Amino acid sequence: MIPYGRQDITQNDIDAVIAVLQSDFLTQGPMVPRFEQRVSDHVGAKYAVAVNSATSALHVACMALGLGPDDWLWTTPITFVASANCALYCGAKVDFVDIDPHTYNLSPQALERKLEQAEREGKLPKVLVPVHLCGQSCDMHAIHALAQQYGFKVIEDASHAIGGRYKGQPIGNCGYSDITVFSFHPVKIITTAEGGMALTNDAELARKMGLYRSHGITRDATQMSHAPDGPWYYQQIALGYNYRMTDLQAALGLSQMDRLDAYVARRHELARRYDDLLANLPITCPRQHPDSYSGLHLYVIRLQLGKISRSHREVFESLRDQGVGVNLHYIPIHTQPHYALMGFRAGDYPQAEAYYREVISLPMYQMLTDQQQDQVITAVSKALTT
Ligand SMILES: *Cc1c(COP(=O)(O)O)cnc(C)c1O
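Predicted model only: the values in this text are computed from it and were never measured. All residue numbers here refer to positions counted from 1 along the written sequence of the relevant chain. Side-chain atom pairs in this predicted model are given and counted only at pLDDT of 80 or more, local residue features only at pLDDT of at least 70, and totals for whole chains, interfaces and linings cover all residues. Only hydrogens and water are set aside when side-chain values are computed; all heavy atoms of the structure are taken into account.

**A short note on the nonpolar core**
And then number 1: Buried Ala, Val, Leu, Ile, Met, Phe, Trp, Tyr and Cys residues form a nonpolar core when they are joined through side-chain atoms within 4.5 Å. Only protein chains enter the accessibility calculation, which uses a 1.4 Å probe; a residue is then buried when its area is under 20% of its type maximum, exposed when over 50%, and partly exposed in between. Counting 79 residues, the largest nonpolar core has Ile155, Leu278 and Leu362 as its most contacted members.
And then number 2: The split into domains, and so the bounds of each, comes from an automatic or database assignment of domains. Built from parts of two domains, this core gets at least three residues from each of domain 1 (2-257) and domain 2 (260-385).
And then number 3: Working rule for contacts: check all heavy atoms of both residues, and any pair within 4.5 Å makes them a contact. In this structure, Leu362 is in contact with Tyr4, Tyr274, Leu278, Tyr299, Ile301, Val326, Val376 and Val380, ignoring residues within four places of it in sequence.
And then number 4: Formed by 46 residues, the second largest nonpolar core is a distinct cluster that contains Val97, Ala110, Leu111 and Leu128.

This is the structure in structure tokens:
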């Protein structure tokens, strides 16, 4: 089976991890700050906080922004559940903004309409989580303008988007947001097995996220309520978690960073080949907005169901039967049973639901060969027509 995504591990990666295994520190050693520095330098953000997943990064980001009970977090229904769950961890409430039918990202027009209504009802969000779906940046310029106007904070969920750019600037520089989050899960663009990172240009947000990642404990005397009792002393000054990344993971991430730009370039080659070779089939290939240079985590095709005699599910199953490990990103979150309990219903977000009924994620990863990609293209053609 050709998977829809997979990691690339080289001998350099293996050597880097083994070197840590043979060193003094498996965790809380020198590799984590080095990895943080490397990523923050690469994307042009001042501060980076490495954690054990993007899910944890979203959680500490929400905590640092002070999200709490009675607050609202808004996000898109077309994302992984973690983009919304972070609000629930904080006791806050979640609401969704429908997607743009062309980019599949959170629609700034739908956002503006919803904000106007929320303002009348006194239910404005505290935090918005735009998700750069498939690696393509959201319209951050419009989102940032609305954030200024309505006074909410912005966490970019860039789990798909490391290595991409928006208006020529690296995603992750937080030029239009308070915090940006990356994921290093193996299907994403670079990996640390499990892992994530939160980036910001705000020293206080960075300090808080660092605190929440490690139990709320500090060894910094300037943050303590009184002078340290002695050299052993630390203080717990907030309630945090153990969300730390290990040095093994950070060493792997550092080594993978060497290949980030090459990875994204290869993904663009593959996308161009898909665009060319799928052009005559009854499907819609991903539209790339000119402001965005996508990280291309995913390549999502949309079936033109009116033009084919097979159902979405039949096409999907045919591809799997032909050895192509397609997937679907994502099931609209508001239709998940846990969210239906909060009162969301099918029909609430028509663009997101229409998208879900028509899309399939084709294999897209740096080590996919042209020959494997040709197999995928043949399989798609067959699945649509027979
Ligand atoms: C993968 C992903 C996450 C969660 O990342 P983890 O590192 O697995 O916790 C969050 N948001 C989006 C959009 C993702 O794709």
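**Side note on the packing of helix H1 (residues 11-21) against helix H8 (residues 247-257)**
Pairs of packed helices are described in terms of their axes, by the angle between the two and the distance that separates them.
And then number 1: Direction vectors running N to C along H1 and H8 enclose 150°, while the axes themselves pass 8 Å from each other. In terms of orientation, H1 and H8 fall into the roughly antiparallel class. Regarding H1 and H8, the two cross each other, and that crossing is right-handed. Only Asp247, Leu248, Ala251, Leu252, Ser255 and Gln256 of H8 make contact with H1, whose side of the interface consists of Asn12, Asp13, Ala16, Val17, Val20 and Leu21. For helices, the axis comes from a line fit to the C-alpha atoms of the stretch in contact; other axes are also lines fit to C-alpha atoms, and the angle between any two N-to-C directions lies between 0 and 180 degrees. Segments assigned H or I by DSSP are reported as helices when at least four residues long, segments assigned E as strands when at least two residues long, and all are numbered from the N terminus. Roughly parallel covers angles under 35 degrees, roughly antiparallel covers those over 145, roughly perpendicular covers 65 to 115, and oblique covers all other angles. Crossings are sorted by hand: turned counterclockwise from the far helix by less than a right angle, the near helix makes the crossing left-handed, and turned clockwise it makes it right-handed.

**As for the site of the ligand**
And then number 1: Only heavy atoms are used to decide nearness, and a residue is near a molecule or strand if one of them lies within 4 Å of it. What surrounds the ligand is a group of 15 residues, the closest being Thr55, Asp157, His160, Ser183 and Lys188.
And then number 2: Throughout this description, a polar contact denotes any pair of N or O atoms lying within 3.5 Å of each other; where both atoms belong to protein, one of them has to be capable of donating a hydrogen while the other can accept it, and for residues adjacent in sequence the pair is counted only when both atoms sit in side chains. Taking Ser183, its side chain carries an N or O atom lying 2.8 Å from an oxygen atom of the ligand.
And then number 3: Separating an oxygen atom of the ligand from a side-chain N or O atom of Tyr330 is a distance of 3.1 Å.
And then number 4: Those elements that place two or more of their residues in the shell around the ligand are helix H3 (54-64) and helix H4 (82-89).
And then number 5: Each residue receives one of three labels: charged for Asp, Glu, Lys and Arg, nonpolar for Ala, Val, Leu, Ile, Met, Phe, Trp, Tyr, Cys and Pro, and polar for the others, Gly being one of them. When grouped by side-chain class, the residues that make up the shell around the ligand number five nonpolar, eight polar and two charged.

**Side note on the sheet that holds strand S4 (residues 127-129)**
And then number 1: Within the open sheet, the seven strands sit side by side as S1-S9-S8-S5-S4-S2-S3. Their pairing is mixed. Each end of this open sheet is capped by a strand with a single partner; those strands are strand S1 (47-51) and strand S3 (93-96). Within the sheet, the average angular offset between the axes of one strand and its neighbour, ignoring direction, is 20°.
And then number 2: A pair of strands is treated as paired once DSSP finds two or more bridges between them. The sheet contact formed by S1 and strand S9 (residues 196-200) spans five bridges and is antiparallel. When the bridges of S9 are listed, Val51 appears paired with Gly196.
And then number 3: With respect to the sheet, H3 is in contact with S1, strand S2 (72-75), S4, strand S5 (153-157), strand S8 (179-183) and S9, its orientation differing from that of S8 by roughly 165°.
And then number 4: Its contacts with the sheet put helix H7 (residues 203-213) on S1, S8 and S9, and the angle it makes with S1 is roughly 15°.

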